[in-house]
Structures are given as C-alpha cells and as structure tokens.
Amino acid sequence: MELAGSLLRTSGPLGEGAFMALPKIAVEEAFHQPDEVARILADERKFQQICAQAGLTPEFYRPRLERLADFGEARLKTMDAGGVQHAVLSLTAPGIQAILDPREATDEAERANDLLAREIARNPDRYSGFAAVALQDPARAIAELRRGIGELGFKGVMINGYTTVGSPERGAYLDEPQFDEFLAAVTELDVPLYLHPRPALPGWGAIDGHPELLGATWGFGPETATHVLRLIFGGVFDRHPRLKLILGHLGEGLPALLWRTQYNFDLNPFGKRIERTLPEYFSDNIWLTTSGNFSDQALLNALTTVGADHVLFSVDYPYADTELAARWIENTPISESDRRKIASGNACALLGLPEPKNPPN
C-alpha cells in the first residue's frame, strides 16, 4: 500500500514526493476576533495568563494568536500551499464555553457569529463556518443555533468542551438534562455538533506541576474522551439517535480503547443500560477528523473503528502545520478511494459542501 501513494505523488505544489495536491476540505480550522486578539496582545499579563491556562508556551502561542485573527492573504496562502480549497472555521477554544456570565456569553456568541458570517461572505468559495453558542443559557443557545444555521448559513455548531457555570471551578457537560432540548434542536436541524477540547477543570491532581501535559500534548484527549463517554452512557444517543457528533484528533484516543471500555462496562454496568455497543455508536453517530494527528497508525485505527465514510480531513490551523497535514494525507498508505473520501468527499456529504475541483496545473 505504501507504494501506491509514493509512485503516484511525484511532483506538484507540495514538492517532490507529493503529486498535484489532492483537493481538500479542512473542517477544524480556528479563528479569533481581531479586536480580542489585539486586546490580549496589548496586555502581557493577560496573555501570560491565557498561555498558562491553555498549556501553551508564550513563544508558541504569540504567532498563532496573530494568525487566528487573519482571514485574508496569510491564511489563504497557507491553504493554497497545502491544496486546502475550503476551510470550515470555528471560534478557537475555549471560546464561549469559558465565559461565566450568561448574558455576556450570549452576546459574545452573537458577535463571533456575525463576524464569521461577514468573513465567509467575503470569500464564500473558501470558507464556511460552525456556529458558536452560549450553553450558559440553553434557551438562548437554541435561538442562536437556529439563527446560525437558518440565517447565517453555518454548517453545524462547535462546542468547546464543558460549559463554565456558576463559578470557574464548575463545568456542565452535554449529557446533563438542561441541554437535552438543545441537542434535540441540533438533531432537528440535521447538522453536526463538533465537540472540541478545552483543558480539564481544576483538581486533576496527576497533572499538577506538569504544565506541559495540560493542553493538546495530553490533557485535551482524556478530558474530551470522557465527555464523549458521558454522552453515550448518559443515553444521549439513545434519546437522539440521529444526532451527529464530530471529534477531532482522530477520536481523542477512544478508538484504541473501545473494546476494553465496553468489556469492563459489561462486567460493571452500575445499573446503566445502553441500547447499542460503543463501536455501534461510533459507527452510527460519530465522525472523526485528522486535526493535529497526522499518524498512519492512528488513522488506520480510526478507519477500523468508524469506517472510511466517517473520517474527515482537518489541519487544526493555526495550531498545527498545514503542509505537514497535506503531505501526510497525500501519502498515508490507504486506498485512493478512501483518501479522496477523507480529503473532501465525506465533508461534502456531511456538511452539504460542493465538491472541490483539482487546481489547474
């Protein structure tokens, strides 16, 4: 299988060993409001605080924060270099979910969505979007979801992990009863919900004193994987069997652990009952993206877990490297049929996007 890619991909925009860039749609690509970026960069204390909370070094985050505010030449040039013809943009983590005051959160979600809609209107062939919502006020979140999908034309909704409620130390998860009507609205609108990580709540003792483990290096995965298992064991997909969930980073480690988790749940159910097995929920309700996880082993694991129709290409721009992501998907040892599905076909089917065309030579 390795030769199939290397023999075909011999020249093109990505250089030797890459072929003419396969047209791609990237579905976990972040932005931030330019005025908010400017405010953070002008306040060194605030900037350092955000870095510490997110598990990012200032040297890493500063240039990426600047890129988050750009919707023009720099972002498009990076997309072009990797053959990414279309990007689905979403407000960077922790986004609206970290705002304590419900009214402020609601206002900020509306402001972020209006900004994103304006940027998409300037470049509709290159950009689409996921709505931001303030689950601090579930009723207002439903209204903003409907506006985002119905009026602004967004393709789904992005939720950045648990929602801060009551105090900075308290997080509400999507399996909790107050969010059931919101999930029903997502299902009714027939759009996916992208569940993106944020750092775990304070109190995870094993990570104390190890800031290098807090964010994407490690902490994001277990936090988000646990959130997904709460959805399954909390009966969310049994109540909403048509709910579509997207997970980044090739499943936050869950594909490798499904068998063991199911086996031990069957032995120790604590009175809980679910209607299907974990692999069945993943196959029916969950899509995985390649964002920030450009590993042949992880991809093959994902493919055997959810199938080729449920894997989507993503970069995780600007946190991950677009050229690295593009080179990898061009050459990873899978069939050309699966490669095209992952690169763009599955995003078109799930999000209703037009098929991208090969760029001219």
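The model shown is predicted, which means the values in this text are computed figures rather than measured ones.

What to know about the overall build of the chain
Then, in step 1: Assigned secondary structure in the chain consists of 15 helices and 11 strands.
Then, in step 2: Radius of gyration (C-alpha) of the chain: 20 Å, near the 21 Å computed for a compact globule of 361 residues.
Then, in step 3: A principal-axis box enclosing the C-alpha atoms of the chain has dimensions of 55 × 55 × 45 Å.
Then, in step 4: The buried share of the chain, reckoned over its 361 residues, is 53%.
Then, in step 5: With the model as given, the accessible surface of the chain reaches about 16,000 Å², and the carbon-plus-sulfur share is 55%.

Considering the pairing of strand 8 (residues 193-196)
Then, in step 1: Taking every second residue as pointing to the same face, both faces of strand 8 are buried, with Leu193 and Leu195 on one and Tyr194 and His196 on the other.
Then, in step 2: In this structure, strand 5 (residues 157-160) lies alongside strand 8, joined through 4 bridges in parallel fashion. The residue of strand 8 that forms the bridge with Met158 is Tyr194.
Then, in step 3: Bridge analysis of strand 8 against strand 9 (residues 245-247) gives 3 bridges, and the strand direction is parallel. Within strand 9, the residue paired with Leu193 across the bridge is Leu245.

Some points on the packing of helix 3 (residues 44-54) against helix 4 (residues 58-68)
Then, in step 1: It is at 10 Å that the axes of helix 3 and helix 4 come closest, and there the two elements cross at 110°. Here helix 4 runs roughly perpendicular to helix 3, going by the angle between their axes. Facing Glu44, Phe47, Gln48, Ile50 and Cys51 of helix 3, the residues of helix 4 in contact are Pro58, Tyr61, Arg62 and Leu65.
Then, in step 2: Among the residues making up the contact of helix 3 with helix 4, the classes are represented as 6 nonpolar, 1 polar and 2 charged.

Observations regarding the packing of aromatic side chains
Then, in step 1: Counted according to the given criterion, the structure contains 8 aromatic pairs.
Then, in step 2: Here the aromatic rings of Phe47 and Tyr61 are separated by 6.0 Å at their centres, their planes lie at 5°, and the arrangement is stacked. Here Phe47, found in helix 3, pairs with Tyr61, found in helix 4; they are 14 residues apart in sequence, far enough to count as distant.
Then, in step 3: Tyr61 sits in the buried class, given a relative accessible area of 5%.
Then, in step 4: The side chain of Arg75 reaches across the aromatic face of Phe71, ending 5.6 Å from its centre.

A closer look at the pattern of salt bridges
Opposite charge on two side chains allows them to pair when their charged atoms are near.
Then, in step 1: Considering all chains together, one arrives at 20 salt bridges under this definition.
Then, in step 2: In this structure, the salt-bridge partner of Glu36 is Arg39, at a minimum N-O distance of 2.5 Å. Here Arg39 and Glu36 lie together in helix 2 (residues 34-41), a separation of 3 residues that amounts to about one turn.
Then, in step 3: On the basis of relative accessibility, which here comes to 42%, the residue Arg39 falls in the partly exposed class.
Then, in step 4: In this structure, a network of salt bridges that share partners links the residues Arg170, Asp175, Glu176 and Arg230.

Overview of the sheet that holds strand 3 (residues 127-129)
Then, in step 1: The sheet built from 3 strands is open, its strands ordered 1-2-3 with parallel pairing. The open sheet is flanked by strand 1 (24-31) and strand 3, the only strands paired with a single partner. Ignoring which end each strand starts from, the neighbouring axes of this sheet average 30° apart.
Then, in step 2: Across 6 bridges, strand 1 lies against strand 2 (residues 84-91) in parallel orientation. Residue Ala30 lies in a different strand from strand 2, and its bridge partner there is Ser90.
Then, in step 3: On top of the sheet, helix 5 (residues 73-81) reaches strand 1, strand 2 and strand 3; it is set at about 135° to strand 2, its chief contact.
Then, in step 4: Where helix 15 (residues 336-351) meets the sheet, it contacts strand 1 and strand 2, and its direction lies at approximately 70° from that of strand 1.

Basis of the calculations
- Counting starts from 1 at the beginning of each chain's written sequence and moves along it residue by residue.
- Note on the predicted model: pLDDT of at least 70 is required for a residue's local features to be given, and 80 or more for side-chain atom pairs to be given and counted; whole-chain, interface and lining totals, by contrast, use all residues.
- Side-chain numbers come from the whole structure's heavy atoms, not from hydrogens or water.
- Think of it this way: any DSSP run of H or I at least four residues long counts as a helix, any run of E at least two long counts as a strand, and we number them from the N terminus.
- C-alpha atoms define the radius of gyration, and 2.2 Å times the number of residues to the power 0.38 defines the globule rule.
- A simple rule labels every residue: compare its accessible area, found with a 1.4 Å probe on the protein chains alone, to the largest value its type can have, and call it buried under 20%, exposed over 50%, or partly exposed in between.
- Computed with the Shrake-Rupley method and a 1.4 Å probe, the accessible areas treat only the protein chains shown as cover for residues.
- Note on pairing: two strands pair once DSSP finds at least 2 bridges between them.
- Axes here mean lines fitted to C-alpha atoms, for a helix over just the part in contact, with angles spanning 0 to 180 degrees between N-to-C directions.
- In what follows, roughly perpendicular refers to angles from 65 to 115 degrees, roughly parallel to angles under 35, roughly antiparallel to angles over 145, and oblique to any angle outside these ranges.
- Contacts: residue pairs with any heavy atoms within 4.5 Å of one another.
- For this classification, the nonpolar set comprises Ala, Val, Leu, Ile, Met, Phe, Trp, Tyr, Cys and Pro, the charged set comprises Asp, Glu, Lys and Arg, and every other residue, Gly included, is treated as polar.
- Aromatic rings from Phe, Tyr and Trp, taking only the six-membered ring of Trp, are treated as a pair when their centres fall within 6.5 Å; an angle between ring planes under 30 degrees marks them as stacked, one over 60 as edge-to-face, and anything in between as tilted.
- Sitting over a ring, as applied to charges here, requires NZ of Lys or CZ of Arg to be within 6 Å of the ring centre and within 35 degrees of the ring normal.
- Here, a salt bridge means any Lys or Arg side-chain nitrogen found within 4 Å of an Asp or Glu carboxyl oxygen.

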